[in-house]
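# Breakdown of the fold
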Amino acid sequence: MMLELVMRLDEFLKSRDVAEFFSEKWSMEPCHFSESALCLERPEELLKTLLSLPRLRYPQVRVLNANGALNPLTYTASNRYGFSEAIDSNSVNALAVAPNTIKIENLASLDPIFDKWSNILERMFSSRITLNGYFSFGPSEGIPIHYDPHHIFAIQLYGEKIWSVGVSQSELFPHKALTMTENLVPLQTAEIKLRAGEMFYVPPGRLHSVRTEQQSVHITAGIHTPRCFEIISSLLEKAAMHHHELRADMPLMVDSGVLQFRSLSKKELEIAFQLMKAEYI
């Protein structure tokens with residue numbers, strides 16, 4: 001399959017209006033697309049193709065099921081003399097049965113097609129992109145219910161995948177992934193069956209889990225958008241390189257032979273923010 005590196009958002013979102021999607025769905029609500037702009041010839045052969053690559057390493061390849069990740073000793077070239085990150089493709093193939101799911105991360109580093117997909121998405125979304133592949137041989141379940149800190153487009157290439165998605169958005173709007181247990185968090189979910197050739201958008205912080213009844217090959221495109229706190233953090237680090245006041249210890253005092261540090265005062269915080277602001281401008 002040949003793809004042009006130039007693709008517009010309206011082409012990627014297919015039947016969805018771009019302005020409507022970003023005002024009503026982006027960061028707020030899941031969205032089911034009846035058609036995906038990204039497809040692959042013979043997706044049922046993809047796992048076999050990837051496992052034939054000698055450069056695969058753990059943890060880029062992992063075997064998962066509802067109980068978590070299998071011990072990598074069962075599918076790597078490890079022996080009694082030590083652990084090896086090299087993947088034993090025969091062992092992975094043997095484990096590619098129900099209830100397991102094979103996860104292969106960073107597909108762009110393995111195949112030129114996925115490298116091209118990554119470049120297309122990076123250009124469209126002006127963000128860092130991750131492409132991960134999931135190969136399920138049902139009945140099987142993915143990892144326990146969780147949410148991710150980034151936007152996800154799930155592209156169903158082969159078979160079917162059932163997504164259980166929380167009906168409400170997390171107020172936490174996370175900056176890191178979180179796995180939860182149903183006995184701790186009562187969860188109301190809606191189910192979406194994703195079929196070959198379709199796509200599903202999941203915003204950051206929306207709880208979800210997946211299961212496969214028969215077979216499934218799907219790719220998740222993670223859109224790692226720049227966050228305000230990340231920009232502020234990098235700006236502060238840059239300002240600290242030029243202003244010794246920001247590199248200094250916190251205010252301290254010695255009390256009864258113990259060194260103690262106090263929080264910054266309001267005035268000291270204002271000085272720090274002014275230095276950051278000057279660096280930004």
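Scoring rules and cut-offs
Residues numbered from 1 in each chain as written. Predicted model: local features only at pLDDT ≥ 70, side-chain atom pairs only at ≥ 80, totals over all residues. Heavy atoms only, no water. Disulfide = S-S within 2.5 Å. Buried < 20%, exposed > 50% of the residue type's maximum accessible area, 1.4 Å probe, protein only. Phe/Tyr/Trp six-rings, centres within 6.5 Å; stacked < 30°, edge-to-face > 60°. Helix = DSSP H or I, 4+ residues; strand = E, 2+ residues; numbered from the N terminus. Salt bridge = Lys/Arg side-chain N within 4 Å of Asp/Glu carboxyl O. Pairing = 2+ DSSP bridges.

Attention now goes to the state of the cysteines. This structure, assessed with the given rule, holds 0 disulfides. Cys31 carries a free sulfur, and the closest cysteine sulfur to it, the one in Cys39, is 19 Å from it. Residue class for Cys31 comes out buried when judged on its relative accessible area of 1%.

Next up on the list: the packing of aromatic side chains. For the structure shown, the criterion picks out 17 aromatic pairs. Considering the side-chain rings of Phe21 and Phe22, the 5.1 Å spacing of their centres and the 90° angle between planes classify their relative orientation as edge-to-face. Between Phe33 and Phe153, the aromatic rings sit 6.3 Å apart at their centres with planes inclined by 50°, giving tilted as the arrangement. Residue Phe33 is found in strand S1 (residues 31-33), and its partner Phe153 is found in strand S8 (residues 151-166); the two are separated by 120 residues along the sequence.

Of note, the bond from Tyr58 into Pro59 is cis; its omega dihedral lies within 30 degrees of zero at 10°. Residue Gly138 is joined to Pro139 through a cis peptide bond whose omega torsion reads 0°. Assignment of secondary structure puts Pro139 in the loop between strand S5 (128-137) and strand S6 (140-141). For Ser27, which is not a glycine, the phi torsion comes out positive at approximately 70°. Assignment of secondary structure puts Ser27 in the loop between helix H2 (18-24) and S1. Under the relative-accessibility criterion, Ser27 is labelled partly exposed at 21%. Positive phi outside glycine occurs at Asn106, with the angle close to 50°.

What follows covers the pattern of salt bridges. Tallied over the entire structure, the rule returns 12 salt bridges. For the salt bridge of Arg8 with Glu11, the shortest nitrogen-to-oxygen distance reads 3.8 Å. For Arg8, a relative accessible area of 48% gives the class partly exposed. Of the charged contacts, one joins Glu160 and Lys193 as a salt bridge, the two residues approaching to 3.8 Å between their closest N and O atoms. Of this pair, Glu160 sits in strand S8 while Lys193 sits in strand S10 (residues 189-195), and the two are 33 residues apart along the sequence.

With that out of the way, let us pick up the pairing of strand S2 (residues 61-65). Of all the 5 residues making up S2, 4 are buried; the element is thus mostly covered by neighbouring parts of the structure. Summarising the sheet, S2 and strand S4 (residues 101-104) pair through 4 bridges and their orientation is antiparallel. Within the sheet, the bridge partner assigned to Val63 lies in S4 and is Ile102. Of the pairings in the sheet, the one linking S2 to strand S3 (residues 68-69) comprises 2 bridges and is antiparallel in character. Its bridge partner being in S3, Leu64 is matched across the sheet by Ala69.

That's the geometry; what it means functionally is another story.
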